[in-house]
Amino acid sequence: MGYRLIIFDFDGTLADSAAWFAGALNGVARRYGFREIDLSEMAELRGRPNREIMQALKVSPWKLPLIAAHMRKLAAQAAPTIGLFPGVADMLRRLAARGVKVAIVSSNGEAVVRQVLGPELAGLVAYYGCGASIFGKAAKFRQVIRAAGVAEADVLSVGDEVRDIEAARQMRLAAGAVTWGYATADILRAQRPSAVFETTDDVLREAGLCGA
């Protein structure tokens, strides 16, 4: 296709943070008074729309900003233990070498994102839209696109959850979904995204980097 800007989600798309999230969730549940779950139920909820997950866990909507802020604090503490998925570093380097602008839009904090990426890769990211609320990604997309000065038709969004696809559609962006993150491939395909990526090379090919 050839895109001028690719907007990546971070957790579950670039960063392999699922194990950390699973280990932290019940502690956060005890702190904020929502329902604890075991690994089997966590797997059952994997990738479902956020509203369904909130209902299942009995999370009060008014607590979401508090929970999000606390999760960002925990993520900052855990950042040294969180790594990138295989192929991510090479993908980012190749996109930058071809002149494709890269942005990251995440509910995580920018400092955490930069720390997990490391100085070299963080320097390849042209735009950061971090600290997005659970339903606020579309607004961050808008800010990043405006800063980049590109048309929506020239932008590809890449994420691993239903909410990433929904946010991209709100902005009329091409929505790509990776299968190695939080949501299952079946759930993602049911949303009919513009593209489904099994590997980072698939992302490069969609970006128009022939021979990826």
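Because the structure is a prediction, the values reported are computed rather than measured. (Residues numbered from 1 in each chain as written. Predicted model: local features only at pLDDT ≥ 70, side-chain atom pairs only at ≥ 80, totals over all residues. Heavy atoms only, no water.)

Draft legend 1. Up close: the overall build of the protein chain. Helix and strand content of the protein chain: eleven helices and eight strands. Computed over the C-alpha atoms, the radius of gyration of the protein chain is 16 Å, within 12% of the 17 Å expected from 2.2 N^0.38 for a compact globule of 212 residues. Counting only C-alpha atoms and orienting by the principal axes, one finds that the protein chain spans roughly 50 × 35 × 30 Å. Classification of the 212 residues of the protein chain by burial places 52% in the buried group. Across the protein chain, the fraction of contacts at a sequence separation of at least 24, relative to all contacts at a separation of at least 6, is 66%. Accessible surface computed for the protein chain: about 10000 Å², of which carbon and sulfur atoms make up 52%. Computing the positive centroid from 26 side-chain charges and the negative centroid from 22, the protein chain places the two 6 Å apart. (Helix = DSSP H or I, 4+ residues; strand = E, 2+ residues; numbered from the N terminus. Rg over C-alpha atoms; globule rule 2.2 N^0.38 Å. Buried < 20%, exposed > 50% of the residue type's maximum accessible area, 1.4 Å probe, protein only. Contact = heavy atoms within 4.5 Å. Areas by Shrake-Rupley, 256 points an atom, 1.4 Å probe, with all protein chains shown as cover. Lys, Arg positive; Asp, Glu negative; His and termini not counted. Charge placed at Lys NZ, Arg CZ, Asp CG, Glu CD.)

Draft legend 2. Broad picture of the sheet that holds strand β1 (residues 5-8). Spatially, β5-β4-β1-β6-β7-β8 is the arrangement adopted by the six strands of the open sheet, whose pairing is parallel. One side of each edge strand has no neighbouring strand; the edge strands of this open sheet are β5 (127-130) and β8 (195-197). On average, adjacent strands in this sheet sit at an angle of 20° to one another, irrespective of strand direction. Pairing between strand β4 (residues 101-106) and β5: four bridges, direction parallel. Residue pairing for β5: Ala 103 is matched across the bridge by Tyr 127. Sitting on the sheet, helix α6 (residues 110-117) is in contact with β4 and β5, with an inclination near 125° to β5. (Pairing = 2+ DSSP bridges. Axes fitted to C-alpha atoms, helices over the stretch in contact; angles between N-to-C directions.)

Draft legend 3. Structural view of the pairing of strand β6 (residues 155-159). Among the five residues in β6, five count as buried, and that is most of the element. Of the pairings in the sheet, the one linking β1 to β6 comprises four bridges and is parallel in character. By the bridge assignment for β6, Ile 7 is matched with Ser 157. Taken together, the four bridges between β6 and strand β7 (residues 174-178) define a ladder with parallel strand orientation. Bridge pairing links Val 158 to Gly 176 in β7.

Draft legend 4. Layout of the packing of helix α1 (residues 18-32) against helix α4 (residues 64-78). Following both chains from N to C, one finds α1 and α4 inclined at 140°, their axes separated by 11 Å at the closest point. In terms of orientation, α1 and α4 fall into the oblique class. At the point where α1 passes α4, the crossing takes the right-handed sense. Contact with α1, carried on its side by Trp 20, Phe 21, Ala 24, Val 28, Arg 31 and Tyr 32, involves Leu 66, Ile 67, His 70, Met 71, Leu 74, Ala 75 and Ala 78 of α4 and no other residues of that element. Looking at the contact of α1 with α4 residue by residue, the classes come out as eleven nonpolar, one polar and one charged. (Parallel < 35°, antiparallel > 145°, perpendicular 65-115°, else oblique. Left-handed = near helix turned anticlockwise from the far one by under 90°. Nonpolar A, V, L, I, M, F, W, Y, C, P; charged D, E, K, R; others polar.)

Draft legend 5. The side chain of Asp 164, seen in detail. Structurally, Asp 164 can be placed in helix α9 (residues 162-170). Using a relative accessible area of 3% as the deciding quantity, one classes Asp 164 as buried.

Draft legend 6. A look at the environment of Ala 195. Looking at the secondary structure, you find Ala 195 in strand β8. Looking at Ala 195, the relative accessible area reads 10%, which means it is buried. Between the C-alpha atom of Ala 195 and that of Ala 185, which follows or precedes it by ten residues, the distance is 12 Å. In contact with Ala 195, not counting residues within four places along its chain, are Ala 175, Gly 176, Ala 177 and Glu 206.

Draft legend 7. Broad picture of the packing of helix α8 (residues 137-148) against α9. Two numbers describe how α8 lies on α9: the axes approach to 8 Å, and their chain directions differ by 50°. The orientation of α8 relative to α9 falls into the category oblique. Considering the relative orientation of α8 and α9, their crossing is right-handed. For the pair formed by α8 and α9, the contact residues are Lys 137, Ala 138 and Phe 141 on the first element and Arg 163, Asp 164, Ala 167, Ala 168 and Gln 170 on the second. Of the residues contributing to the contact of α8 with α9, the split by class is four nonpolar, one polar and three charged.

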